[in-house]
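Residue strings, one per chain:
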Amino acid sequence: MLVAAVTFAVDLVTSLGAWRWVGEHSLRAANSRYEQNTMRITADLQREFTSSESLLRGARGLLSVAPADDADAWRRYVAQLDLDEASSVVRTLGYAEVDAAAIARLTGGAANVAGPAAASQPVAPVTQMAPAAVDAIPVGYDLASAPASRAALLHAIDTGASALDADAAPFGDAGSSPHPRLYVYFPVYSDAGLPSTPQARRAGIKRLLVAALDTSRVFDNALARQRRIDLQVFGG
């Protein structure tokens, strides 16, 4: 009887030890797979954003030397980018005209000498947007008309870097896409290069490149090789 009890105890301890070893081994394997998947997704997301950044820098370079308003030339330029066929994160691409006087009206700066009558004048009206889309920012829309976009455009102008507007109201057929639209603004200055101070940047601002980013494409492209991954992203 004692021998049977001891044998049972040994078997039980052995089974528990084996179960624990298997559990720890499975956990290590799961953690390793998680880390590998995280690294792949992060790398793919970085690749998506790097590709988009290169595209936007090229468009900004064109705007720095382009004539004041050539709608046909802009549409041709965006068409050759083939944003839809390339599944680019950038869905539509356009620009707004803006200058130092308009920024002074917006901020109440010293250059604002036109008085109250100028308050209703647009600050950064969208001049071109392509390709045509039912939910694109309409031509003539003033980027300074909403608090979020106003803050983003001023940040872009003052820093010389891109600025993200994540709170823009939907345009046109809001039901055409269930995903939120993000807008990125890139400043274009009159002189080549970046003015040295925020004041000089406001004085030298010429245009704002406007890009609508499709959030669904951002993650669809990055997860294309990760079919068994369910990723949820929350803003806040």
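That block above? That's the structure.
Worth saying up front: this structure is predicted, and the values here are computed from it rather than measured. Starting afresh in each chain, residues are numbered from 1 along the sequence in its written order. Note on the predicted model: pLDDT of at least 70 is required for a residue's local features to be given, and 80 or more for side-chain atom pairs to be given and counted; whole-chain, interface and lining totals, by contrast, use all residues. Side-chain numbers here rest on the full set of heavy atoms in the structure, without hydrogens or water.

**Some thoughts on the overall build of the chain**
Strands here mean DSSP runs of E at least two residues long; helices mean DSSP runs of H or I at least four residues long; both are numbered from the N terminus. Within the chain one finds six helices and five strands. Traced from its N-terminal end to its C-terminal end, the chain shows the element sequence α-α-β-α-β-α-β-β-α-β-α. Residue exposure (1.4 Å probe, protein chains only): buried if accessible area is under 20% of the type maximum, exposed if over 50%, otherwise partly exposed. Of all 236 residues assigned to the chain, the portion counted as buried reaches 34%. Should any heavy atoms of two residues lie within 4.5 Å, those residues are considered in contact. Residue pairs in contact within the chain that sit at least 24 positions apart in sequence constitute 68% of those at least 6 positions apart. Method for areas: the Shrake-Rupley scheme with a 1.4 Å probe, in which residue coverage is limited to the protein chains shown. By element, 59% of the accessible surface of the chain is carried by carbon and sulfur atoms, the whole surface being about 13,900 Å².

**Brief notes about the pattern of salt bridges**
In the sections that follow, a salt bridge refers to a side-chain nitrogen of Lys or Arg positioned within 4 Å of a carboxyl oxygen of Asp or Glu. For the structure shown, the criterion picks out four salt bridges. With a shortest N-O distance of 3.2 Å, Glu 97 and Arg 207 are connected by a salt bridge. Remark: Arg 207 occurs in strand E5 (residues 205-214) and Glu 97 occurs in strand E1 (residues 90-97); sequence separation between them is 110 residues. With a relative accessible area of 1%, Arg 207 lands in the buried category.

**A look at the sheet that holds strand E2 (residues 126-130)**
An order of E2-E1-E5-E4-E3 is seen for the five strands of this open sheet, with the pairing classed as antiparallel. Two strands in the sheet have a free side with no partner beyond their single neighbour: E2 and strand E3 (163-165). For this sheet, the mean inter-axis angle between neighbouring strands, taken without regard to orientation, is 25 degrees. All axes are obtained by fitting lines to C-alpha atoms, using only the stretch in contact for helices, and the reported angles, taken between N-to-C directions, cover 0 to 180 degrees. Its contacts with the sheet place helix H4 (residues 147-159) against E3, strand E4 (181-189) and E5, and it is angled at close to 35 degrees to E4. Following DSSP output, two strands are said to pair if at least two bridges run between them.

**Observations regarding the nonpolar core**
Only buried Ala, Val, Leu, Ile, Met, Phe, Trp, Tyr and Cys residues count toward a nonpolar core, and they belong to the same one when joined by side-chain atoms within 4.5 Å. Grouped together as the largest cluster of nonpolar side chains are 26 residues, with contacts concentrated most on Val 98, Ile 103, Leu 143, Leu 153, Tyr 185 and Leu 208. Put simply, the parts of the chain that give this core at least two residues each are helix H3 (100-107), E2, H4, E4 and E5. Among the elements that take part in this core, H4 stands out by supplying five residues, more than any other. The contacts of Leu 208, once residues within four sequence positions are left out, are Gly 94, Tyr 95, Ala 96, Val 98, Leu 143, Leu 153, Ala 156, Ile 157, Tyr 185, Phe 186 and Pro 187. Of all hydrophobic cores here, the second largest spans 19 residues; its members include Tyr 95, Ala 130, Val 184 and Val 188.

**Regarding H4**
Relative to the 18 Å expected for 13 residues at 1.5 Å per residue, H4 spans 18 Å between its end C-alpha atoms, a close match to the ideal helical length. Residues of H4 that are buried sit in contact with H3, E3, E4, helix H5 (198-204) and E5. Helix span, expected: 1.5 Å multiplied by one less than the number of residues in the helix.

**With respect to the side chain of Arg 207**
Pairs of N or O atoms are called polar contacts if they sit within 3.5 Å, as long as, within protein, a hydrogen donor faces a hydrogen acceptor (for residues adjacent in sequence, only side-chain-to-side-chain pairs). A polar contact is formed between the side chain of Arg 207 and the backbone oxygen of Leu 63, at a distance of 2.8 Å. There is a polar contact of 3.2 Å between the side chain of Arg 207 and the side chain of Glu 97.

**A word on unusual backbone geometry**
A cis geometry characterises the amide bond from Ala 130 onward to Pro 131, with omega recorded as -5 degrees. Counting through the fold element by element, Pro 131 comes out in the loop between E2 and H4. You will see that Asp 82, though not glycine, has its phi angle at about 55 degrees, which is positive. Relative to the helices and strands, Asp 82 resides in the loop between helix H2 (71-81) and E1.

**Concerning the packing of aromatic side chains**
Classification of ring pairs uses Phe, Tyr and Trp, with its six-membered ring standing for Trp, and accepts pairs whose centres are within 6.5 Å; under 30 degrees between planes counts as stacked, over 60 as edge-to-face, and the remaining range as tilted. The full count for this structure, using the stated rule, is two aromatic pairs. Measuring from ring centre to ring centre gives 5.6 Å for Trp 74 and Tyr 77, while their planes differ by 35 degrees; the resulting arrangement is tilted. Separated by three residues within a single helix, Trp 74 and Tyr 77 lie in helix H2, roughly one turn from each other. For the pair shown, Trp 74 and Tyr 77 are each scored as buried. Both rings, one in Trp 74 and one in Tyr 95, keep their centres 5.1 Å apart while their planes meet at 85 degrees; by these two values the pair is edge-to-face. With Trp 74 in helix H2 and Tyr 95 in strand E1, this residue pair connects regions lying 21 residues apart in the sequence. The residues Trp 74 and Tyr 95 share a single accessibility class, namely buried. Members of the aromatic cluster, each reached through a chain of ring pairs, are Trp 74, Tyr 77 and Tyr 95.

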